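# Results of the structural survey
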Amino acid sequence: MFVVVGATGNVGRTLASTLATSGAAVTAVSRGRRPGAVPEGIRHHRADLEQPESLRPVLAGAEALYLLVEGAGAHVDMREILRVAAAGGVKRVVLQSSQAVATRPDSPSHAPLRAIEDLVRRSEFDWTILRPGGFASNSFAWTEPIRGRRTVAAPFGDVGLPVVDPADIAEVAAAVLLDRSHDGRTYELTGPVLRTPRERVADLAAALGEPIHFVDQTPDEAREQMLRFMPPPVVEGTLAILGTPTEAEQRISPDVSEVLGRSPRPFAAWATRNIDAFR
């Protein structure tokens, strides 16, 4: 049995479904459950990583645990989570981390995730670590202004990043869980090409069949907006990546292709698949 933590999110929901389709037994874990968020036929368990004991009922007899730690893991006791997992008989852990753990080693915004990676590597478990870059699904933040005004305001409109489709992350995660040959590996997951915010808005407009106006937002305007729902260190780390990406952050990683045997999906494919959210 595979236990998928964060199973109602953009990655976890697809991962749970992909594993179940392969014939594997899956338990989906999340703090809550939105209607339709967990595919039919998949067992769901409510738990909170900030309360590790809440995981104990679902980990007994599990073969592997997929860990997605929200909010960069600042309030999670990973030692206790791993202790509970070991007590339940879990042998393998697949951790969804972040590309910035490697590309921004001195950034306080990702220090908790770096510490979690280190704990997983030093643990008794077989492990695999996934480090995705920016998510295509971050564009859901544009849903309201596109639906209401056919306008998007974003900073650094002409700075490109190889954003990754969450469905690709999920398919890599499923492949890793189903094949032990990936044990001990760290994979960096990106999209196939650099795509700027302005170009991503154009992709959404093409999928929508209507023009969308792009407005260049200043970094200060973006900061003020992001601080409404993100802590300051995460805001500063995010703005640094968006505005002044390193060479490593603009690199097209071969890892999705290596694991899946195909190229990563482009942003335009994500836009087409999710365009109903923007209508």
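Note: the structure precedes this text.
What this report covers is the structure whose coordinates are included nearby. Note that the structure is predicted; figures quoted are calculated from it, not measured. (Residues numbered from 1 in each chain as written. Predicted model: local features only at pLDDT ≥ 70, side-chain atom pairs only at ≥ 80, totals over all residues. Heavy atoms only, no water.)

### A word on the packing of aromatic side chains
Per the counting criterion, the structure on display carries four aromatic pairs. Centroid distance W270 to F278: 6.2 Å. Interplanar angle 75°. Geometry classified as edge-to-face. A residue is classified by how much of its surface remains accessible, and F278, at 0% relative accessible area, is buried. By way of ring pairs, the aromatic residues F140, F267, W270 and F278 are connected into one cluster. (Phe/Tyr/Trp six-rings, centres within 6.5 Å; stacked < 30°, edge-to-face > 60°. Buried < 20%, exposed > 50% of the residue type's maximum accessible area, 1.4 Å probe, protein only.)

### Description of the sheet that holds strand β6 (residues 126-132)
The sheet built from seven strands is open, its strands ordered β3-β2-β1-β4-β5-β6-β8 with parallel pairing. Because the sheet does not close on itself, it has two edges, and the strands there are β3 (43-46) and β8 (186-189). Each neighbouring strand pair of the sheet contributes to a mean axis angle of 20°, computed without reference to strand direction. Bridge analysis of strand β4 (residues 64-68) against strand β5 (residues 92-96) gives five bridges, and the strand direction is parallel. Bridging from a neighbouring strand, L67 pairs with L95 of β5. Across the face of the sheet, helix α5 (residues 111-122) comes into contact with β5, β6 and β8 while running at roughly 155° to β6. (Pairing = 2+ DSSP bridges. Helix = DSSP H or I, 4+ residues; strand = E, 2+ residues; numbered from the N terminus. Axes fitted to C-alpha atoms, helices over the stretch in contact; angles between N-to-C directions. Contact = heavy atoms within 4.5 Å.)

### Topic: the pattern of salt bridges
When the charged atoms of two side chains lie near each other, side chains of opposite charge can form a pair. Following the criterion strictly, the structure yields 25 salt bridges and no others. The shortest N-O distance in the salt bridge between R265 and D168 comes to 2.4 Å. Linking R265 in the loop between α11 (255-260) and α12 (267-273) with D168 in helix α7 (residues 166-178), this pair joins segments that are 97 residues apart in sequence. Note that D183 and R180 form a salt bridge whose closest N and O atoms lie 2.7 Å from each other. D183 gets classed as partly exposed once you look at its relative accessible area, which sits at 23%. Exposure remark for R180: the relative accessible area of 41% places this residue in the partly exposed category. (Salt bridge = Lys/Arg side-chain N within 4 Å of Asp/Glu carboxyl O.)

Keep in mind these numbers describe shape, not what the thing actually does.
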